[in-house]
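Topology and contacts: notes
Below, each chain spelled out in residue letters.
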Number of protein chains: 4
Amino acid sequence: MGKTVALAVEKGITIGAHPGFPDLSGFGRRNMQVSLEEAKAYMIYQIGALQGFIKVHGGKLHHVKPHGALYNMAAKDYSLAKALAEAVKAVDNELIFVGLANSMMIKAAEEVGIKSAQEVFADRNYQEDGSLVPRSLPNAMIHDDQICVDRVIKMVKEESVMTVNQEKINIKADTICLHGDHPSALLFAKKLHRALLEENIKLNSVT
Amino acid sequence: MGKTVALAVEKGITIGAHPGFPDLSGFGRRNMQVSLEEAKAYMIYQIGALQGFIKVHGGKLHHVKPHGALYNMAAKDYSLAKALAEAVKAVDNELIFVGLANSMMIKAAEEVGIKSAQEVFADRNYQEDGSLVPRSLPNAMIHDDQICVDRVIKMVKEESVMTVNQEKINIKADTICLHGDHPSALLFAKKLHRALLEENIKLNSVT
Amino acid sequence: MGKTVALAVEKGITIGAHPGFPDLSGFGRRNMQVSLEEAKAYMIYQIGALQGFIKVHGGKLHHVKPHGALYNMAAKDYSLAKALAEAVKAVDNELIFVGLANSMMIKAAEEVGIKSAQEVFADRNYQEDGSLVPRSLPNAMIHDDQICVDRVIKMVKEESVMTVNQEKINIKADTICLHGDHPSALLFAKKLHRALLEENIKLNSVT
Amino acid sequence: MGKTVALAVEKGITIGAHPGFPDLSGFGRRNMQVSLEEAKAYMIYQIGALQGFIKVHGGKLHHVKPHGALYNMAAKDYSLAKALAEAVKAVDNELIFVGLANSMMIKAAEEVGIKSAQEVFADRNYQEDGSLVPRSLPNAMIHDDQICVDRVIKMVKEESVMTVNQEKINIKADTICLHGDHPSALLFAKKLHRALLEENIKLNSVT
């Protein structure tokens, strides 16, 4: 962990924590019924551990985005979302809470009184309520890079997106999620980056 | 973890981190040959995680004492001791590094430039080089409470202790280790506490 | 683990596996949304590991009872119960599958074609559908030892139990769950044992 | 794990257990000072768990090769090697114990009375005592594929190998270790396979 943090600090890349469930063999991607106290403790523990490394390397933690199943559960469960936002605030009330656009996480951040960033997904289909089509369904993912790019640009410029049922819903894109564990992830990131610049969309760290 | 930290902050008890090896089933009590980089990372990770909880509850981390096998190895291995002390300093250069009296840990703290506290053991026999008689040997432990109390008072007032071979060696007692997992631990703590007060020895948090 | 197994084999105590979720910090007591394939794998892995020790000490595995949240989820979820029963059968088709009386686990064992044992709880209140009153509700537990003993005897002799709403439901008691982690657990076990003998109820390993 | 085992059984590939230290973050590659009882328990646990999957898929465990640091420590430490061999025998006395050629593991298997297979390394330099040049030294590895192939053929046909100091030592090659986590691992495996066949060396599962 130290080396990655050192590199990020050196390059001036903003660093975020990505805390999740203590489910190593499931990579934090399986729902777990933990108490709100436990959920807060996992947040504080993991954020604190990362802050240790960041402090050592002279940086500062910038945002927190819950990971995997914790993120998905908090997007729909207001009590959980509020507990997570409270944990973030308790650790450092200047941290930005990154959550699914239109979700309970954004609402909770507002209620708790911390900054939030609405996250959109380039390669996922949306449902009418603003949630993502679950991965268990066949049309969860959008596989055509160009369609993904076009959707992101529309989300940014028009603040809307077409759902899987061809309905237009409002969405605000403060930050875009790109998964890094796909073989063509870097290629897609470059393509999207170029397309955004061509549309005169400036890219910044969320503030 | 949160509740214990909250209580300590509320009661004004100084809080220390007790980081060790990632050996859950062995409770960190088995030697592991980790690299100096890995040892530092374990320190930073565990100290950072605890600092998260302390920050949330409005307290401040006071000292760091390596746990179990990590402590024992660092007491004898100067490179390891120095790596641990460097990790402590990097996280917060006002932290006190608690180490075995007379050991490499105290020497390393001095070299690295952080405060240290020399720790003595009430119920353990010492060898001539200041190290503890290993638990694998029959006379590692002293089982008579009164002898333990007398030894501590002598260590504090005369700055010396009799080794297992009846040789007198110098020792400085900044802090005394009492294990809390023995059924009569609380009783012994009270007995020692009273005896120290009767000898007009003041008890403070290490500074 | 080896010593416990050795002792059980020596004393002729039947041995059961108690496999659960890979949730160490939650002691397997929190619901996890794992796939049926994952659930089977956890069963096979943990049963197999225990069988290793049993084989070494010359014994034979007798039954399998899922642990904690896995047990509670399988009691209500037929697909999960069936997956667990299939895993048990695949490992050894003579094993007895211990599950909550009247639950999906008993039904699944029948469907899959393995022996099952209906488990009842001495100190828990029941709901009309045969499920336990959840621990989150105030009257989940029965704290009076004599009432617990009387209930068990009635369950064994009359094959019925009064629910928390004073309705009589049918229940078959092949095996009784006593928690061992309560300070008075041994005392209660002796009391129940004596009471059962006084009622001429013979105690055997489930067959 | 289930799928890999199922495939191996289906294809008739002999299956071996590869048990190691419970050091997940270090991948079992760091020395740990565990007791002989603990070492045996880790062997039995991991072999048993694998046997669970093998039994489910209708196969049979064929051999056991300790993993990583456990292997390296046992190669030099006769007490540890004997404990591991005893654990293997206790689980199934027909299992083959795979150990470093010429090492304490082979001696221990003989003493304990189980079959062993002497393992040689295609891409590692040897020391005069038959041990491998440690990875911490610059010439631990041999990077030229053709040299590796030639060395293996010589080990098999002439039962000798040149040490890193150009001394000839005796070695018996019952089985050859190829690491699978190198990008060109498959290519090298094919090259070696072809070369062995061209030398009329038959390849079998160890018996």
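Per the stated rule, a full pass over the model turns up 36 salt bridges over all chains. One salt bridge connects Glu38(B) with Arg30(D), and the closest N-O pair in it is separated by 3.1 Å. One end of the pair, Glu38(B), is in helix H2 (residues 36-56); the other, Arg30(D), is in the loop between strand E1 (15-17) and helix H2 (36-56), on a second chain.

Expressed as a screw transformation, the operator carrying chain B onto chain A has a rotation angle of 180° and an axial translation of 0.0 Å, and the superposed copies differ by an RMSD of 0.0 Å. Here the two chains are linked by the operation of a two-fold rotation axis. Across chain B, the smallest distance between a C-alpha and the rotation axis is recorded for Ala49(B), namely 2.1 Å. Mapped onto chain A, 100% of the interface residues of chain B again fall at the interface, so both copies present the same surface.

Counted under the stated rule, the structure contains 6 aromatic pairs over all chains. Residues Tyr45(A) and Tyr45(B) carry aromatic rings whose centres are separated by 5.9 Å and whose planes lie at 65° to one another, so their mutual orientation is edge-to-face. Taken together, the residues Tyr45(A) in helix H2 (residues 36-56) and Tyr45(B) in helix H2 connect one chain to another. Among the residues examined, Tyr45(B) registers a relative accessible area of 30% and is labelled partly exposed. Between Tyr71(B) and Phe121(B) the ring centres are 6.3 Å apart and the planes differ by 75°, which places this aromatic pair in the edge-to-face class. With a gap of 50 residues between them, Tyr71(B) in helix H3 (residues 68-76) and Phe121(B) in strand E4 (residues 115-121) connect regions that are remote in the sequence. Assigned by exposure class, Tyr71(B) and Phe121(B) land together as buried.

A separate point is the pairing of strand E4 (residues 116-121) of chain C. Residue and element names in this part refer to chain C. Counting buried positions along E4 gives 5 out of 6 residues, so the element sits mostly inside the fold. Here 4 bridges tie strand E3 (residues 96-100) to E4, and the two strands are oriented parallel to one another. Along E4, the bridge assignment pairs Gly99 with Gln118. Considered for its hand, the β-α-β crossover made up of E3, helix H5 (residues 104-112) and E4 is right-handed. Where E4 lies against strand E7 (residues 175-177), 3 bridges are found, and the strand directions are parallel. By the bridge assignment, Glu119 is partnered in E7 with Thr175.

Residues and elements named next belong to chain A. Close contact between helix H3 (residues 68-76) and helix H4 (residues 78-91) brings their axes to 6 Å; oriented N to C, the two are set at 120°. Both H3 and H4 take part in a crossing whose hand is left-handed. Residues Leu70, Met73, Ala74 and Lys76 of H3 touch H4, and the partners they reach there are Tyr78, Leu80, Ala81 and Leu84. By residue class, the composition of the contact of H3 with H4 is 7 nonpolar, no polar and 1 charged.

Turning our attention to the interface of chain B and chain A. For interface size, the figure often reported is the accessible area lost on association. At the junction of the two partners, chain B supplies 13 residues and chain A supplies 13 residues. Where chain B abuts chain A, roughly 1300 Å² becomes buried across the two surfaces, and 76% of that area is made up of carbon and sulfur atoms. Joining chain B to chain A, the criterion identifies 0 salt bridges. Our enumeration of links across chain B and chain A arrives at 2 residue pairs in polar contact (both at pLDDT 80 or more). Secondary structure elements with two or more residues in the side of chain B that touches chain A: H2 and helix H4 (78-91) of chain B.

What follows concerns the side chain of Asp92(A). Along the chain, the position of Asp92(A) falls in the loop between H4 and strand E3 (96-100). For Asp92(A), a relative accessible area of 12% corresponds to the buried category. At 3.4 Å, the side chain of Asp92(A) forms a polar contact with the side chain of Lys60(A). A distance of 2.9 Å separates a polar side-chain atom of Asp92(A) from the backbone nitrogen of Glu94(A). In this structure Asp92(A) touches Gln51(A), Lys60(A) and Lys55(B), once residues within four positions along its chain are discounted.

The subject of this paragraph is the sheet that holds strand E2 (residues 61-64) of chain A. All names here are of chain A. Ordered in space as E1-E2-E3-E4-E7, the 5 strands form an open sheet in which the pairing is parallel. Of all strands in the sheet, those bounded by a partner on one side alone are strand E1 (15-17) and strand E7 (175-177). Each adjacent strand pair in this sheet contributes to an overall mean axis angle of 35°, direction not counted. In the sheet, strand E4 (residues 115-121) pairs with E7 via 3 bridges, with the strands oriented parallel. Packing against the sheet, H2 makes contact with E1, E2 and E3, and its axis sits at approximately 155° to E2. Its contacts with the sheet place helix H5 (residues 104-112) against E3 and E4, and it is angled at close to 150° to E3.

What follows covers helix H7 (residues 185-198) of chain A. Residues and elements named next belong to chain A. The terminal C-alpha atoms of H7 lie 20 Å apart, and with 14 residues this matches the ideal 20 Å at 1.5 Å per residue to within 8%. Within H7 the residues assigned to the buried category are Ala185, Phe188, Leu192, Ala195 and Leu196. The buried residues of H7 all sit within an arc of 100° when viewed along its axis, so they share a single face. Structural note: H7 exposes Leu186, Leu187, Lys190 and Glu198 on the side pointing more than 90 degrees away from its buried face.

About the thresholds
Residues numbered from 1 in each chain as written. Chains lettered and ligands numbered in written order. Predicted model: local features only at pLDDT ≥ 70, side-chain atom pairs only at ≥ 80, totals over all residues. Heavy atoms only, no water. Salt bridge = Lys/Arg side-chain N within 4 Å of Asp/Glu carboxyl O. Helix = DSSP H or I, 4+ residues; strand = E, 2+ residues; numbered from the N terminus. Least-squares fit on C-alpha atoms with pLDDT ≥ 70 in both. Contact = heavy atoms within 4.5 Å. Phe/Tyr/Trp six-rings, centres within 6.5 Å; stacked < 30°, edge-to-face > 60°. Buried < 20%, exposed > 50% of the residue type's maximum accessible area, 1.4 Å probe, protein only. Pairing = 2+ DSSP bridges. Right-handed = clockwise from strand over helix to strand, strands pointing away. Axes fitted to C-alpha atoms, helices over the stretch in contact; angles between N-to-C directions. Left-handed = near helix turned anticlockwise from the far one by under 90°. Nonpolar A, V, L, I, M, F, W, Y, C, P; charged D, E, K, R; others polar. Buried area = accessible area lost by both parts, 1.4 Å probe. Polar contact = N/O pair within 3.5 Å; in protein donor to acceptor, adjacent residues only side chain to side chain. Expected span 1.5 Å × (residues − 1). Arc of directions from axis to C-beta.

By themselves, these observations are geometric and do not establish any function.
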